[in-house]
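Fold and geometry: a report
Residues per chain, in single letters:
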Amino acid sequence: MNCAVRLALPVSSTNDAGHERNDRSQKEQIPVPLVTCFYCGFDLPRSEFSDEHIWPDALGGDYLPRLWRTDDVCARCNSMSGVYVDGAFIRGWAGSRERGHDARMYLSLTEPLKTVLPLDYLGKLTDSAIPSGDVADWWAGPCGATIVHFRPEETSDLWKRYLGGDPRAKKAAAGRAYMALASNNEYWLLGALGSFKKHFKRAKRYIITPGLPSNWTAFEQINREDPVQAADLAVIDAMLARAKANQPTHARLEIDLTNVGQRWLCKLGLAIGCQIFGAGFGKHADGELLRCAFREASPEKRKQYKVRGSAYFSGGSGLEFLAWPAGWVLQLQVLNGILSLTIVTPSGQAMAVQVTDDQNLISQVPADINAGQAWIVVPSAARAVGPIGIADYVAHITKSVPQADLSALEAHCIDPSSLPAC
């Protein structure tokens, strides 16, 4: 099964004067050792490789051990995966929802500027007054802050499902983001400003509410005489007026319920298989199946690859009790002769992918993974725990036998009711 094509073009080597070297000097050159890329399966010079977070950095990959990170992915595949595969889940509605789930449980009570929360996406405004050619994304910030992001409308169906649009867009096309604060409490004021600044790194940022602290220079000044800003603010003013009158504001969500996380799971399964069995797993039938499904952009064509597992929205799995507040629980285990990767999201959704059921490979799985291991990563706490035996993890969360590392992670949790009132 061959699903990737990459052309290797001959390159003529030249000396400093620009002349081609003779055949003798070429024969004397030392051959460059080649490395197999996990994702495309091609043998390439080490110079073409880069550091790849198998588990995405945006979901806490920096805090996980080496199993979840590799140097054996070429830069081209790394970039492709980050934008089109990891990004499709992380920047979609499901990923946004999960990143914000229970995040308040790890806020700092004493350092407001560490109160950087994911924003809640409410949809695209349907107001007819939105400037032609633009869309207006509606977000909720900390303590009820209202955020509206105006940006050029996407023409590609692919980017329409990415919250905020095409992640490759240059700063000039990143749009204009406005925030109306809903609290004058210093803690939430600073937290809202920090969250707003981090989320809209490239867009022009405006604060509608007066009284912005003078030391905050990361925001543009509102100018109602500017025709672009005036049109934007007319939409926002109408929203705020409706809110005061307890009238609704309408927005729409664009969610593809049949295509949430499948490519991402296949990438994770392929990478973990290569980590456990070596790069040769990519040439095995199971690895090749995962690679083809991971690299196929078309949802319809991807259906021909019969990968076993369950993506987001696949229904109840009975694993909700394994969820960790604001954390992603990653599990590797051999069960009934099948090596599988299972992910339990912060909200308790379960996602899974079969890595292999080849018994020759299963016999090579390390004993600790065979018995079941788990990793818990909490991005909002900047921490991860694992590997820990799945049985030990279950014993801890059911309060049967506490585990020291998990207890230490719990120590960073706070009671959300102890946060300052909005």
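Rules used in this analysis
Residues numbered from 1 in each chain as written. Predicted model: local features only at pLDDT ≥ 70, side-chain atom pairs only at ≥ 80, totals over all residues. Heavy atoms only, no water. Buried < 20%, exposed > 50% of the residue type's maximum accessible area, 1.4 Å probe, protein only. Helix = DSSP H or I, 4+ residues; strand = E, 2+ residues; numbered from the N terminus. Pairing = 2+ DSSP bridges. Polar contact = N/O pair within 3.5 Å; in protein donor to acceptor, adjacent residues only side chain to side chain. Contact = heavy atoms within 4.5 Å. Domains from an automatic or database assignment. Buried area = accessible area lost by both parts, 1.4 Å probe. Salt bridge = Lys/Arg side-chain N within 4 Å of Asp/Glu carboxyl O. Disulfide = S-S within 2.5 Å. 1 Å grid on protein atoms, 1.4 Å probe; cavity = no way out; pocket = protein on both sides within 12 Å on 5 of 7 lines; lining within 4 Å. Points joined across faces, edges and corners; volume = space filled by probe spheres on them. Nonpolar A, V, L, I, M, F, W, Y, C, P; charged D, E, K, R; others polar. Core = buried A, V, L, I, M, F, W, Y, C linked by side-chain atoms within 4.5 Å. Phe/Tyr/Trp six-rings, centres within 6.5 Å; stacked < 30°, edge-to-face > 60°. Lys NZ or Arg CZ within 6 Å of the ring centre and 35° of its normal.

Side note on the pairing of strand β14 (residues 350-356)
Counting buried residues along β14, seven of its seven residues qualify, which places the element largely inside the surrounding structure. Bridging between strand β11 (residues 309-310) and β14 involves two bridges; their strand directions are antiparallel. Its bridge partner being in β14, S310 is matched across the sheet by A352. Where strand β13 (residues 338-344) meets β14, six bridges bridge the pair, whose relative direction is antiparallel.

Considerations on the side chain of Q373
Position of Q373 among the secondary structure elements: in strand β15 (residues 373-378). Judged by its relative accessible area of 9%, Q373 falls in the buried class. A polar contact is formed between the side chain of Q373 and the side chain of D368, at a distance of 3.3 Å. The residues touching Q373, leaving out its near neighbours within four places in the chain, are L330, Q331, L332, D368, P387, I388, G389 and I390.

Quick word on the domain arrangement of the protein chain
Split into domains, the protein chain comes out as domain 1 (33-92 + 256-414) and domain 2 (111-252). Each of domain 1 and domain 2 was reduced to a C-alpha centroid, and the two centroids are 33 Å apart. Facing seven residues of domain 1, the contacting portion of domain 2 comprises nine residues. Roughly 720 Å² of surface becomes buried between domain 1 and domain 2 when both sides are summed, with 56% attributable to carbon and sulfur atoms. Interface area lost by domain 1 to domain 2 is led by V83, Y84 and R91, which between them contribute 69%.

A few points about the pattern of salt bridges
For the coordinates displayed, the defined rule picks out 18 salt bridges. Across the pair E288 and R291 runs a salt bridge whose closest N-O atoms are separated by 3.0 Å. With E288 and R291 both in helix α8 (residues 285-295), this residue pair falls three residues apart, about one helical turn. Residues E288 and R291 agree in their burial class; the two are buried. A network of salt bridges, in which partner residues are shared, links D51, D62 and R69.

Here we look at the state of the cysteines
Applying the stated criterion to the full structure yields zero disulfides. Between C37, a free cysteine, and C40, which holds the nearest cysteine sulfur, the sulfur-to-sulfur gap is 3.7 Å. Owing to a relative accessible area of 0%, C37 belongs among the buried residues under this scheme. Exposure remark for C40: the relative accessible area of 7% places this residue in the buried category.

A few points about empty space enclosed by the protein
A water-sized probe, rolled over the atoms, reveals where empty space remains. Inspection of every chain in the model, using the stated rule, returns two cavities of 30 Å³ or more. Considering the residues around the largest cavity, the lining is formed by W93, Y121, K124, K160, Y162, L163, L253 and E254. What the second largest cavity holds in volume is close to 40 Å³. Split into classes, the residues belonging to the lining of the second largest cavity amount to eight nonpolar, one polar and no charged.

Some thoughts on the nonpolar core
Ranked by internal contacts, the top residues of the largest apolar core, which has 56 residues, are Y39, W55, W68, L339 and I343. Sequence-distant contacts of L339, that is, excluding residues within four places in its chain, are made with I276, F277, L332, Q333, V334, Q354, V355, T356, I362, V365 and I369. Judged by nonpolar contacts, the second largest core, of 20 residues, contains W139, A174, L181 and A203.

Quick look at the packing of aromatic side chains
Per the counting criterion, the structure on display carries 20 aromatic pairs. Seen in terms of ring centroids, Y178 and Y206 are 4.8 Å apart; in terms of plane orientation they differ by 15°. Their pairing is stacked. Residue Y178 is located in strand β8 (residues 176-180), and its partner Y206 is located in strand β9 (residues 204-207); the two are separated by 28 residues in the primary sequence. You can call Y178 buried: its relative accessible area is 0%. Put simply, the rings of W55, F89, W93, W264, Y312, F313 and W328 pair up and form one aromatic cluster. Geometry around F49 places R46 over its ring, the cationic atom sitting 5.0 Å from the centre.

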